[in-house]
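One-letter residues, chain by chain:
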Amino acid sequence: MGLIELPREKIGLFPTPINDLKRLSKALDGPRILMKRDDQTGLAFGGNKVRKLEYLIADAFRNGCDTLVTGGAAQSNHCRQTAAAAAALGLSCHLVLGGEPPDIPDGNLLIDILVGATIHWTGPLRKGESIPEIADELSSSGDKPYIIPYGGSNSIGSAGFVNAVSELKQQIMDRGEKVDYVVFASSSGGTQAGLTVGKIAYDLSAQLIGIGVDKDTFGHASFEDQLTGIANDTAERLGLDANFSLSDFIVKHEYMEKGYGVVGSLEREAISLTAENEGILLDPVYTGRAMGGLMDMIRNKEFTKNETVLFWHTGGTPAIFSYAQSLMAAGT
Ligand SMILES: *Cc1c(COP(=O)(O)O)cnc(C)c1O
């Protein structure tokens with residue numbers, strides 16, 4: 001199907017590889033598990049935001065902007081990838097981060113600083129609430145700011161994950177595989193919305209299952225409402241004749257009751273089992289929780305042994321260093 005081609009700035013290493021997690025699958029006595037390695041997108045420890053940034057930054061260039069502004073938590077993977085992309089393209093980057101500056105920056109924050117981002121600390125506001133104000137200040141001092149939304153999740157960023165489905169489809173065909181399910185962490189929605197649009201655009205038969213990691217991302221609107229909105233906007237931008245509704249999105253909300261970024265036994269077990277069986281690192285906030293959810297679904301016999309589940313590794317690994325204490329803790 002002919003989609004409208006949006007401008008794209010090539011900054012990542014694509015296609016990302018696919019691993020066959022034979023030992024993990026055996027340890028879980030479960031379905032075949034493939035892993036799509038978006039933790040290897042190539043820019044400062046990689047991650048899924050690089051796919052969105054390729055389109056967002058192309059849009060920034062088209063608008064004559066020279067400064068990227070975005071926000072998130074202190075350990076935001078999205079902010080770290082935005083800062084690294086800015087460095088690679090010679091743009092300035094301002095990050096609006098929740099919390100207070102730590103004595104010694106670590107994990108993602110350390111990388112933000114190493115790649116030269118300017119950090120604005122905003123105390124309890126961890127979702128970039130003060131971005132408009134900071135962008136105004138930058139404009140009045142002669143910069144041309146481009147605001148990237150929380151998690152890069154709008155109809156432009158999401159196009160990166162529509163394109164990712166075309167990439168996956170080609171890989172599945174080349175390998176002669178059949179993928180029954182695609183499982184991934186879902187938070188600001190651009191990944192799931194883009195995959196859902198891509199599933200229609202490129203006729204992917206696999207069922208998409210998002211594992212929710214953040215219960216209060218969008219205030220009163222449900223997360224599924226948010227996903228529907230982004231998916232419809234993305235389809236429209238790409239000239240795809242499709243109309244999505246709430247029932248097009250499966251999001252498992254039952255694995256996040258501890259709240260965003262709180263590591264418990266679910267995440268710890270998923271991280272250590274994957275590391276011990278495959279030598280592959282998951283992160284404490286997103287992929288650890290999503291893999292924990294997948295393991296729980298496997299134990300509940302939600303898949304048969306001859307099915308294939310593709311786990312989309314969305315990145316986030318630099319955060320393990322700043323979560324060392326909770327990763328080492330015992331109990332729940
Ligand atoms: C941002 C992020 C996600 C979630 O992607 P969304 O598009 O925000 O839903 C998942 N995993 C990691 C590691 C992330 O950084």
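Computed from a predicted model, the values in this text were never measured in an experiment.

Caption draft 1: Summary view of the overall build of the protein chain. The secondary structure content of the protein chain amounts to 11 helices and 10 strands. What you see for the protein chain is a C-alpha radius of gyration of 19 Å, in line with the 20 Å of a compact globule of 332 residues. Counting only C-alpha atoms, the protein chain reaches 60 × 50 × 35 Å along its principal axes. For the protein chain, the proportion of its 332 residues judged to be buried stands at 58%. Of all intrachain contacts in the protein chain linking residues separated by at least 6 positions in sequence, the fraction that spans at least 24 positions is 78%. Averaging the locations of the 29 positively and 41 negatively charged side chains of the protein chain gives two centres separated by 7 Å.

Caption draft 2: Looking closely at the site of the ligand. In the region of the ligand, 16 residues are neighbours, and Lys 49, Lys 52, Ser 188, Thr 191 and Thr 314 sit closest. Interatomic distance of 2.5 Å between a side-chain N/O atom of Ser 188 and an oxygen atom of the ligand. For the ligand, whose free accessible area comes to 380 Å², the fraction covered by protein is 98%. The set of elements that each furnish at least two residues to the shell around the ligand consists of α2 (49-62), β7 (181-186) and α7 (190-201).

Caption draft 3: Region of interest: α7. With 12 residues, α7 ought to run about 16 Å at 1.5 Å a step, and its terminal C-alpha atoms sit 16 Å apart, in line with that. Of all 12 residues making up α7, 10 are buried, and the element is well covered by its neighbours. Residues of α7 that are buried include every one of Gly 190, Thr 191, Gln 192, Ala 193, Gly 194, Leu 195, Thr 196, Val 197, Gly 198 and Ala 201, and no others. Two residues or fewer after α7 comes Asp 203, characterised by a positive phi angle close to 55°.

Caption draft 4: Local environment of helix α8 (residues 223-237). Helix length check: α8 (15 residues) gives 21 Å between terminal C-alpha atoms against 21 Å at 1.5 Å per residue, within 8%. Listed in full, the buried residues belonging to α8 are Phe 223, Glu 224, Leu 227, Thr 228, Ile 230, Ala 231, Thr 234 and Ala 235. Of the surrounding secondary structure, the elements contacted by the buried residues of α8 are α6 (159-175), β7, α7 and β9 (251-252). At the exit of α8 stands Gly 239, carrying a positive phi of roughly 70°.

Caption draft 5: Fine view of the pairing of strand β5 (residues 118-121). In this structure, strand β4 (residues 92-97) lies alongside β5, joined through 4 bridges in parallel fashion. Its bridge partner lying in β5, Leu 97 is registered against Trp 121. The parallel pair β4 and β5, bridged by helix α4 (residues 107-114), forms a crossover whose chirality is right-handed.

Cut-offs used in this document
- Residues numbered from 1 in each chain as written.
- Predicted model: local features only at pLDDT ≥ 70, side-chain atom pairs only at ≥ 80, totals over all residues.
- Heavy atoms only, no water.
- Helix = DSSP H or I, 4+ residues; strand = E, 2+ residues; numbered from the N terminus.
- Rg over C-alpha atoms; globule rule 2.2 N^0.38 Å.
- Buried < 20%, exposed > 50% of the residue type's maximum accessible area, 1.4 Å probe, protein only.
- Contact = heavy atoms within 4.5 Å.
- Lys, Arg positive; Asp, Glu negative; His and termini not counted.
- Charge placed at Lys NZ, Arg CZ, Asp CG, Glu CD.
- Near = heavy atom within 4 Å.
- Polar contact = N/O pair within 3.5 Å; in protein donor to acceptor, adjacent residues only side chain to side chain.
- Areas by Shrake-Rupley, 256 points an atom, 1.4 Å probe, with all protein chains shown as cover.
- Expected span 1.5 Å × (residues − 1).
- Pairing = 2+ DSSP bridges.
- Right-handed = clockwise from strand over helix to strand, strands pointing away.

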